[in-house]
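Observations on chain architecture
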Amino acid sequence: MWYAITGIDVENSLDKRKAARPAHLARLQKLLEEGRLLLAGPFPAIDAEDPGPAGFSGSLILAEFQDLETAKAWADADPYRAAGVYKGVTVRPFCQTLP
């Protein structure tokens, strides 16, 4: 089943994000290679594709996992969590309707 993983950033997370980004992307790349990643990306803190120093306010990952517990365990092990980028993470089942 698909799961929506939403991380909400702490204030001024940009430097922490930059430091942890390679490890974060490596885990997402693995999901992609396994055919289990529908999409992933950050929420810009301002209305711009490149928010510059304003940074980001969070992230969204839509990925396939065996069950909710597995999805939560994967989210808990995210490098952004370990680096203190996220102040909170939610994991919810997701049903794709379109496209």
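See the structure above.
If you're wondering where the values come from, they're calculated on a predicted model, not measured in any experiment.

1. Notes on helix α2 (residues 68-76)
Residues of α2 that are buried include every one of Ala71, Trp74 and Ala75, and no others. Down the axis of α2, the buried set is contained in an arc of 100 degrees. They therefore lie on one face. With respect to the buried face of α2, the exposed residues turned more than 90 degrees away are Glu69 and Asp76. Packed against the buried residues of α2 are β1 (2-9), α1 (14-33), β3 (56-64), α3 (79-82) and β4 (86-94). Where α2 begins, the capping side chain belongs to Asp67, and its oxygen is found 3.3 Å from the backbone nitrogen of Glu69.

2. Examining empty space enclosed by the protein
Under the criterion given, the structure shown has one cavity of 30 Å³ or more. Empty space within the largest cavity amounts to approximately 50 Å³. For the largest cavity, the full set of lining residues is Ile5, Thr6, Gly7, Ser59, Ile61, Ala75, Asp78, Tyr86 and Val89. Among the secondary structure elements, those contributing two or more residues to the lining of the largest cavity are β1, β3 and β4. The element contributing the most residues to the lining of the largest cavity is β1, with three residues. For the lining of the largest cavity, a count of residues per class yields five nonpolar, three polar and one charged.

3. So, the sheet that holds β3
Taken in spatial order, the four strands of this open sheet run β2-β3-β1-β4, and their pairing is antiparallel. Among the strands making up the open sheet, the edge pair consists of β2 (37-44) and β4. Taking the axes of each pair of neighbouring strands and ignoring which way they run, one obtains an average angle of 10 degrees across the sheet. Packing of α2 onto the sheet brings it into contact with β1, β3 and β4, and relative to β4 it is tilted by some 155 degrees.

Conventions adopted
Residues numbered from 1 in each chain as written. Predicted model: local features only at pLDDT ≥ 70, side-chain atom pairs only at ≥ 80, totals over all residues. Heavy atoms only, no water. Buried < 20%, exposed > 50% of the residue type's maximum accessible area, 1.4 Å probe, protein only. Helix = DSSP H or I, 4+ residues; strand = E, 2+ residues; numbered from the N terminus. Arc of directions from axis to C-beta. Contact = heavy atoms within 4.5 Å. Polar contact = N/O pair within 3.5 Å; in protein donor to acceptor, adjacent residues only side chain to side chain. 1 Å grid on protein atoms, 1.4 Å probe; cavity = no way out; pocket = protein on both sides within 12 Å on 5 of 7 lines; lining within 4 Å. Points joined across faces, edges and corners; volume = space filled by probe spheres on them. Nonpolar A, V, L, I, M, F, W, Y, C, P; charged D, E, K, R; others polar. Pairing = 2+ DSSP bridges. Axes fitted to C-alpha atoms, helices over the stretch in contact; angles between N-to-C directions.

Taken by themselves, the reported measurements are silent on function.
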